[in-house]
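Examination of the molecular architecture
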Amino acid sequence: MTRGALLKKIAKETMGDDFAARIWKRVEFIGDIALIRTPLDMDPFDLRPLAEELIKRIPYVKSVWAAIPGVKGEYRIREHVWLAGEERSVTIYKEHGCSFKVDITRAYISPSLNYEHIRVARLVSQNETIVNMFAGVGLFSIIIAKHAKPFRVYSIDINPHAYQLMVENIKLNKVENTVIPLLGDAKEIVEKHLLNTADRVLMPYPELALSYLIYALRSLKSGRGWIHVYLHVFTERGEHWRNKARLILEGKLRELNISNYEIRMIRKIRNVGPRTHQVVLDVYIG
Ligand SMILES: C[S@@+](CC[C@H](N)C(=O)[O-])C[C@H]1O[C@@H](n2cnc3c(N)ncnc32)[C@H](O)[C@@H]1O
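Residues numbered from 1 in each chain as written. Predicted model: local features only at pLDDT ≥ 70, side-chain atom pairs only at ≥ 80, totals over all residues. Heavy atoms only, no water.

A few points about the site of the ligand
Cut-off, in case you're wondering: Working definition: residue near molecule or strand if any one of its non-hydrogen atoms lies within 4 Å of it. Polar contact is the term for a pair of N or O atoms within 3.5 Å; when the atoms are in protein, one must be able to donate a hydrogen and the other to accept it, and sequence-neighboring residues count only if both atoms are side-chain atoms. Calculation of accessible area relied on Shrake-Rupley with a 1.4 Å probe; when residues are assessed, cover is drawn exclusively from the protein chains displayed. Think of it as three bins: nonpolar holds Ala, Val, Leu, Ile, Met, Phe, Trp, Tyr, Cys and Pro, charged holds Asp, Glu, Lys and Arg, and polar takes everything else, Gly as well. Residue ranges for the domains trace back to a domain assignment, done automatically or taken from a database.
Taken together, 21 residues lie near the ligand, and Glu74, His117, Phe134, Asp157 and Ala186 sit nearest. For the ligand, a nitrogen atom lies 3.0 Å from a polar atom in the backbone of Phe134. Asp185 is positioned with one of its side-chain polar atoms (N or O) 3.2 Å from a nitrogen atom of the ligand. In isolation the ligand has 610 Å² of accessible area, and contact with the protein removes 98% of it. Of the residues assigned to the shell around the ligand, the class counts are 13 nonpolar, four polar and four charged. Looking at which domains feed residues into the shell around the ligand, each of domain 1 (3-88) and domain 2 (108-285) gives three or more.

Right, dumping it as structure tokens:
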């Protein structure tokens, strides 16, 4: 039985058909932690019977937490409530042959970027210098270092907990020679240390991608290279997310007086709300 089918079965047997239909897609597995994204109209503690069944019936699940809707603050962390099993928020999460120590309550982590991490890694050429402006606990940076042959990956995050975990993850995956962790505001770090440096810049934080685009441009070596811009795109009825994303980025580039660019790829990662799409654009400048 697939994990999805098992989840559906457990949810149905514990809390009935209607509930199962709503909940089974809301369970994420991060290492040995199961995380239930609580529906807006539900009290997270009502999820306890399901959490206890998950502990009893799925042997690799050791701890179950509820995430309260809405990612908060500049560190992009959701609020969490512990429901069952070990009261532990730290685990080892694996992706693409790399291991990451994560703490679901202190630093951003989302399995929904799984494919995106390897997609970008496959685009990297030998000896590239990369700036990852919003690195979290280091997933893009470390997966790139392991799967491609970059010269350096400068890996920035402003959250001290994410930075500390990133430092540990760099050692855990033995990429100390390639990935350089940096704690602080990406804007300040670029201005102080990374001007005219990068062949490729990653901006995986939709809330700041447009206002920090100028710093991504400044960090490109000789003003040429790739920028991966992540956006949240809201579409009105009749609008397509792809066109809207393109228009938003083109508008911003025009405002910054940049005309020598080509948007080579636009991809939707997921829905993040009603008619709101998380989209990535790969743009080549130069
Ligand atoms: C969506 S998460 C990044 C996810 C990560 N790249 C991954 O693949 O798992 C955004 C990150 O940006 C960080 N952040 C927010 N504002 C920042 C800033 N001004 N400078 C650097 N990092 C920032 C947050 O702490 C958070 O870890």
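What follows continues from the structure just given.
Looking at the domain arrangement of the chain
Interface size, as often reported, equals the accessible area lost upon joining of the parts. Just so we agree on the cut-off: Residues count as neighbours in contact if any of their non-hydrogen atoms are within 4.5 Å of one another. Here's the idea: put two parts together, see how much 1.4 Å probe accessible area each one loses, and the total over both is what we call buried area. Salt bridges are defined as contacts in which a side-chain nitrogen from Lys or Arg sits within 4 Å of a carboxyl oxygen from Asp or Glu. The numbering of helices and of strands both runs from the N terminus, where a helix is a DSSP run of H or I of at least 4 residues and a strand a run of E of at least 2.
According to the domain assignment, the chain consists of domain 1 (3-88) and domain 2 (108-285). For domain 1 versus domain 2, the separation of C-alpha centres amounts to 30 Å. Contact residues are listed per partner, giving eight residues for domain 1 and eight residues for domain 2. Of the roughly 770 Å² buried at the junction of domain 1 and domain 2 (both faces included), carbon and sulfur atoms supply 61%. Run the count over domain 1 and domain 2 and you get one salt bridge. Measuring nitrogen to oxygen at the nearest pair gives 2.7 Å for the salt bridge that ties Arg76 to Glu207. Per-element accounting of the side of domain 1 that touches domain 2 gives the leading share, three residues, to strand β1 (residues 27-30). The class makeup of the residues in the side of domain 1 that touches domain 2 is four nonpolar, one polar and three charged.

Remarks on the sheet that holds strand β10 (residues 200-203)
Threshold: Strand pairing is assigned whenever DSSP identifies at least 2 bridges connecting the two strands. A fitted line through C-alpha atoms serves as each axis, taken over the contacting stretch for helices, and the angle formed by two N-to-C directions is quoted from 0 to 180°.
Strands sit in the order β9-β8-β7-β10-β11-β13-β12 across an open sheet of seven strands; the sheet is mixed. In this open sheet, the two strands that pair with only one neighbour each are β9 (179-183) and β12 (261-273). Along the sheet, successive strands turn relative to each other by an average axial angle of 15°, direction set aside. Note: β12 against strand β13 (residues 276-285), 10 bridges, orientation antiparallel. In the strand pairing of β13, Gly273 is matched with Thr276.

Considering the packing of aromatic side chains
Heads up, the condition is: Stacked, tilted and edge-to-face pairs are distinguished by plane angle, under 30 degrees for stacked and over 60 for edge-to-face with tilted covering the rest, among Phe, Tyr and Trp rings (Trp via its six-membered ring) whose centres lie within 6.5 Å. We call a residue buried when its accessible area falls under 20% of the maximum for its residue type, exposed when it is over 50%, and partly exposed in between, using a 1.4 Å probe and counting protein chains only.
Inspection of every chain in the model, using the stated rule, returns six aromatic pairs. Both rings, one in Phe134 and one in Tyr212, keep their centres 5.9 Å apart while their planes meet at 45°; by these two values the pair is tilted. Here Phe134, found in the loop between β7 (129-132) and α5 (139-147), pairs with Tyr212, found in the loop between α8 (206-209) and α9 (213-219); they are 78 residues apart in sequence, far enough to count as distant. Classification of Phe134 as buried rests on a relative accessible area of 14%. Taking the relative accessible area as the measure of exposure, Tyr212 reaches 9% and is therefore buried.

Focus on the packing of helix α4 (residues 114-123) against α5
Selection criterion: The scheme is simple: roughly parallel for angles under 35 degrees, roughly antiparallel for over 145, roughly perpendicular for 65 to 115, oblique for anything else. Crossing handedness follows the turn of the near helix against the far one: under a right angle anticlockwise gives a left-handed crossing, and clockwise gives a right-handed one.
Relative orientation of the contacting elements α4 and α5 amounts to 45°, with a least axis distance of 9 Å. Classified by the angle between their axes, α4 and α5 sit oblique to one another. Here α4 runs over α5; the crossing is right-handed. Across the interface between the two elements, Glu116, His117, Ile118, Val120 and Ala121 of α4 pack against Leu139, Phe140, Ile143, Ile144 and His147 of α5. Grouping the amino acids of the contact of α4 with α5 by side-chain chemistry returns seven nonpolar, two polar and one charged.

Focus: the pattern of salt bridges
All chains considered together, the criterion is met by 21 salt bridges. One salt bridge in this structure joins Arg200 and Glu128, with 2.7 Å as the shortest N-O distance. Residue Arg200 is found in strand β10, and its partner Glu128 is found in the loop between α4 and β7; the two are separated by 72 residues along the sequence. Here Arg200 matches Glu128 in class, with each residue buried.

Side note on the sheet that holds strand β4 (residues 77-85)
In a beta sheet, neighbouring strands pair by backbone hydrogen bonds and run either parallel or antiparallel. Here we have four strands laid out as an open sheet, ordered β1-β2-β3-β4, and mixed in their pairing. Each edge of the open sheet carries a strand with a single partner, namely β1 and β4. Ignoring which end each strand starts from, the neighbouring axes of this sheet average 30° apart. By the bridge criterion, four bridges tie β1 to strand β2 (residues 33-37) in an arrangement that is antiparallel.

Focus on helix α1 (residues 3-15)
It helps to recall that an α-helix has 3.6 residues per turn; residues three or four apart then point in one direction. Basically, it comes down to this: Here a helix's expected span is defined as the number of its residues, less one, multiplied by 1.5 Å. The arc in question is the one spanned by the directions pointing from the helix axis to the C-beta atoms.
The end-to-end C-alpha distance of α1 is 18 Å, a good match for the 18 Å that 13 residues give at a rise of 1.5 Å each. Of the residues making up α1, those classed as buried are Leu7, Ile10 and Ala11. The buried residues of α1 occupy an angular sector of 100° when projected down its axis, which confines them to one face. One or two steps after α1, the chain reaches Gly16, where phi turns positive at roughly 95°.

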